[in-house]
Amino acid sequence: MKTVSSFEEQQRYQANAPIAWVPNEMIEMWADWVHGDPRTQELPDVYSDAEVRAIRDFHTTWDRLAERLPRDLPALPQVQQLPEWDELRRAGDAAFKVFEVRGTMPDDVET
């Protein structure tokens, strides 16, 4: 969430991992983390109600925008100019703020 929520974090990621195509990473990392549709699944009860809403709200935006964005995403500077990318960033920021309240979960908590 942190990286998708910030254009600066995305640029830092690109600088630190030049081999990565960051626009694709931002879309695919969510798909890797979420298995299925969290809007229709029971989520682990380690998440608070606010966190569940944040996951579902972000997924709604991600799902809609993933369909609208070009299949071959342009380079990061160009993709950051797209209104859809800014909408994705804002949705990520809203979700990140919810998760930031608790902070990261310990490694021994299964999500």
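Reading the values: rules and limits
- Residues numbered from 1 in each chain as written.
- Predicted model: local features only at pLDDT ≥ 70, side-chain atom pairs only at ≥ 80, totals over all residues.
- Heavy atoms only, no water.
- Core = buried A, V, L, I, M, F, W, Y, C linked by side-chain atoms within 4.5 Å.
- Buried < 20%, exposed > 50% of the residue type's maximum accessible area, 1.4 Å probe, protein only.
- Helix = DSSP H or I, 4+ residues; strand = E, 2+ residues; numbered from the N terminus.
- Contact = heavy atoms within 4.5 Å.
- Salt bridge = Lys/Arg side-chain N within 4 Å of Asp/Glu carboxyl O.
- Expected span 1.5 Å × (residues − 1).
- Axes fitted to C-alpha atoms, helices over the stretch in contact; angles between N-to-C directions.
- Parallel < 35°, antiparallel > 145°, perpendicular 65-115°, else oblique.
- Left-handed = near helix turned anticlockwise from the far one by under 90°.
- Nonpolar A, V, L, I, M, F, W, Y, C, P; charged D, E, K, R; others polar.
- Phe/Tyr/Trp six-rings, centres within 6.5 Å; stacked < 30°, edge-to-face > 60°.
- Lys NZ or Arg CZ within 6 Å of the ring centre and 35° of its normal.

A. Looking closely at the nonpolar core. Among the nonpolar cores identified, the biggest contains 25 residues, and Ile-27, Phe-58, Trp-62, Trp-85 and Leu-88 are the most heavily contacted of them. Listed by contribution, the elements that provide at least two residues to this core are helix H2 (22-33), helix H3 (49-68), helix H4 (76-79) and helix H5 (83-102). Looking at which element gives the most residues to this core, the answer is H3, with 7 residues. Apart from residues lying up to four places away in sequence, Leu-88 is in contact with Val-4, Ile-27, Phe-58, Thr-61, Trp-62 and Leu-65.

B. Spotlight on the pattern of salt bridges. Throughout the structure, instances matching the rule amount to 10 salt bridges. Among the charged side chains, a salt-bridge network with shared partners connects Asp-37, Arg-39 and Asp-63.

C. Broad picture of H3. Across its 20 residues, H3 extends 29 Å between first and last C-alpha, which sits within 8% of the 28 Å expected from 1.5 Å per residue. Within H3, burial applies to Glu-51, Val-52, Ala-54, Ile-55, Phe-58, His-59, Thr-61, Trp-62, Leu-65 and Ala-66. Along its buried surface, H3 packs onto H2 and H5.

D. Structural detail: the packing of helix H1 (residues 7-16) against H2. Put simply, H1 and H2 touch, their axes get as near as 10 Å, and they point 115° apart. Relative to H2, H1 is oriented roughly perpendicular. The hand of the H1/H2 crossing is right-handed. For the pair H1 and H2, the contacting residues are Gln-10, Tyr-13 and Gln-14 in the first and Val-22, Glu-25, Met-26 and Met-29 in the second. Among the residues forming the contact of H1 with H2, the class breakdown is 4 nonpolar, 2 polar and 1 charged.

E. Focus on the packing of aromatic side chains. Counted according to the given criterion, the structure contains 3 aromatic pairs. With 5.1 Å between their ring centres and 40° between their planes, Trp-30 and Trp-33 make a pair best called tilted. Separated by 3 residues within a single helix, Trp-30 and Trp-33 lie in helix H2, roughly one turn from each other. Geometrically, the ring pair formed by Trp-30 and Phe-58 is edge-to-face, given 4.7 Å between the ring centres and 75° between the ring planes. Taken together, the positions of Trp-30 in helix H2 and Phe-58 in helix H3 put the pair 28 residues apart, joining distant regions of the chain. Per residue, the accessibility class of Trp-30 equals that of Phe-58, and both read buried. Connected via pairs of aromatic rings, a cluster forms that spans Trp-30, Trp-33 and Phe-58. Over the ring of Phe-7 we find Arg-89; its NZ or CZ atom is 5.6 Å from the centre of that ring.

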